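As a plain string of letters, each chain reads:
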Amino acid sequence: MRFSTRILPLETKKHFTQNCIFYSFLSFSRFPHNPFRDSIFRVFSSKRDGKMGFEDLLDLCSALNEKCPESVRSSWAFRIFDFDGDNQISLDDLIESVGRLTGLENGDSRIDRESAEFIAQLALEELDIVQSGCISQQEFVHNISKMPDFSHTFQLMP
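On a predicted model such as this, the values are computed, not experimentally measured, just so you know.

Considering the environment of Ile-111
Item 1. For Ile-111, the position within the fold is in the loop between strand S2 (108-109) and helix H6 (113-127).
Item 2. Note: C-alpha distance between Ile-111 and Gly-99 (12 residues apart in sequence) is 6.6 Å.
Item 3. Excluding residues that lie within four positions of it along the chain, Ile-111 makes contacts with Val-98, Gly-99, Thr-102, Ala-116 and Ile-119.

Right under this line is the structure:
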């Protein structure tokens, strides 16, 4: 059975089409299982409302394409890890990342705050080149360039 949008008002058609594209994309990708999906949607949403239109989806697909230059992909990755949007990755951003990477079990984080903070502090010490207490975008891009697995992992996979 096919649903016709001919009977819908113009504004409803627009949102219906965008949401269908968006939800179709979600169902065929690995995004439902990505612990950073809300951050990805926030970063790629042109209206900064966590919702993505068709053009936003094209930006996402372009940025995660294997042929996208690594410097461009790492710049997008920086924005995804910058949870508070202050243009730097702080200890709190890293703690949030550690928590998301270790996952949830029955709705609770599998890692306690103290352990997550310890891991985040080690990462910060390693990645904070100028020792400012946070990671700038240039430091992030520089460090990512030394990680050979980044280009294979930060992309859309079939």
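Now that the structure has been shown, we can carry on.
Some details on the nonpolar core
Item 1. Ranked by size, the top nonpolar core spans 30 residues in total, and within it Ile-40, Phe-44, Leu-60, Ile-80, Ile-135, Phe-140 and Phe-154 carry the most contacts.
Item 2. Elements represented by at least two residues in this core include exactly helix H2 (37-44), helix H3 (54-63), helix H4 (70-81), helix H5 (91-102), H6 and helix H7 (137-144).
Item 3. If sequence neighbours within four positions are ignored, Phe-154 has contacts with Leu-64, Arg-73, Trp-76, Ala-77 and Ile-80.

Considerations on the packing of aromatic side chains
Item 1. Counted according to the given criterion, the structure contains 6 aromatic pairs.
Item 2. Centroid distance Phe-44 to Trp-76: 4.2 Å. Interplanar angle 20 degrees. Geometry classified as stacked. Remark: Trp-76 occurs in helix H4 and Phe-44 occurs in helix H2; sequence separation between them is 32 residues.
Item 3. The exposure class assigned to Phe-44 is buried, which follows from its relative accessible area of 3%.
Item 4. Seen in terms of ring centroids, Phe-150 and Phe-154 are 5.2 Å apart; in terms of plane orientation they differ by 15 degrees. Their pairing is stacked. Of the two residues, Phe-150 and Phe-154, both sit in the buried class.
Item 5. What links up through ring pairs into an aromatic cluster is the set Phe-36, Phe-78, Phe-81, Phe-83 and Phe-140.

A few points about the confidence of the model for the chain
The predicted coordinates of low-pLDDT regions are not to be read in fine detail.
Item 1. Looking at the chain, the pLDDT average stands at 81 and 78% of residues meet or exceed 70.
Item 2. This model gives residues 1-17 a pLDDT under 50, and the stretch forms 7 contacts once residues within four places in sequence are excluded.

A few points about unusual backbone geometry
Item 1. Phi at Asn-87 takes a positive value of approximately 65 degrees, unusual for a residue other than glycine.
Item 2. Turning to its location among the elements, Asn-87 is positioned in the loop between H4 and H5.
Item 3. By relative accessible area, which is 60% here, Asn-87 ends up exposed.

A closer look at the side chain of Asp-56
Item 1. Tracing the sequence through the fold places Asp-56 in helix H3.
Item 2. A polar contact of 3.0 Å, which involves the side chain of Asp-56, links it to the side chain of Ser-46.
Item 3. In this structure Asp-56 touches Phe-44, Ser-45, Ser-46 and Lys-51, once residues within four positions along its chain are discounted.

Considering a nonpolar patch on the surface
Item 1. A cluster of nonpolar side chains, Phe-118, Ile-119 and Leu-122, forms an exposed patch at the surface whose accessible area comes to about 300 Å².
Item 2. Mapped onto the fold, Leu-122 is located in helix H6.

Definitions and cut-offs
- Residues numbered from 1 in each chain as written.
- Predicted model: local features only at pLDDT ≥ 70, side-chain atom pairs only at ≥ 80, totals over all residues.
- Heavy atoms only, no water.
- Helix = DSSP H or I, 4+ residues; strand = E, 2+ residues; numbered from the N terminus.
- Contact = heavy atoms within 4.5 Å.
- Core = buried A, V, L, I, M, F, W, Y, C linked by side-chain atoms within 4.5 Å.
- Buried < 20%, exposed > 50% of the residue type's maximum accessible area, 1.4 Å probe, protein only.
- Phe/Tyr/Trp six-rings, centres within 6.5 Å; stacked < 30°, edge-to-face > 60°.
- pLDDT = per-residue confidence, 0-100.
- Polar contact = N/O pair within 3.5 Å; in protein donor to acceptor, adjacent residues only side chain to side chain.
- Patch = residues over 30% accessible without salt bridge, like charges linked within 9 Å, V, L, I, M, F, W, Y side chains within 5 Å.
- Areas by Shrake-Rupley, 256 points an atom, 1.4 Å probe, with all protein chains shown as cover.
- Salt bridge = Lys/Arg side-chain N within 4 Å of Asp/Glu carboxyl O.

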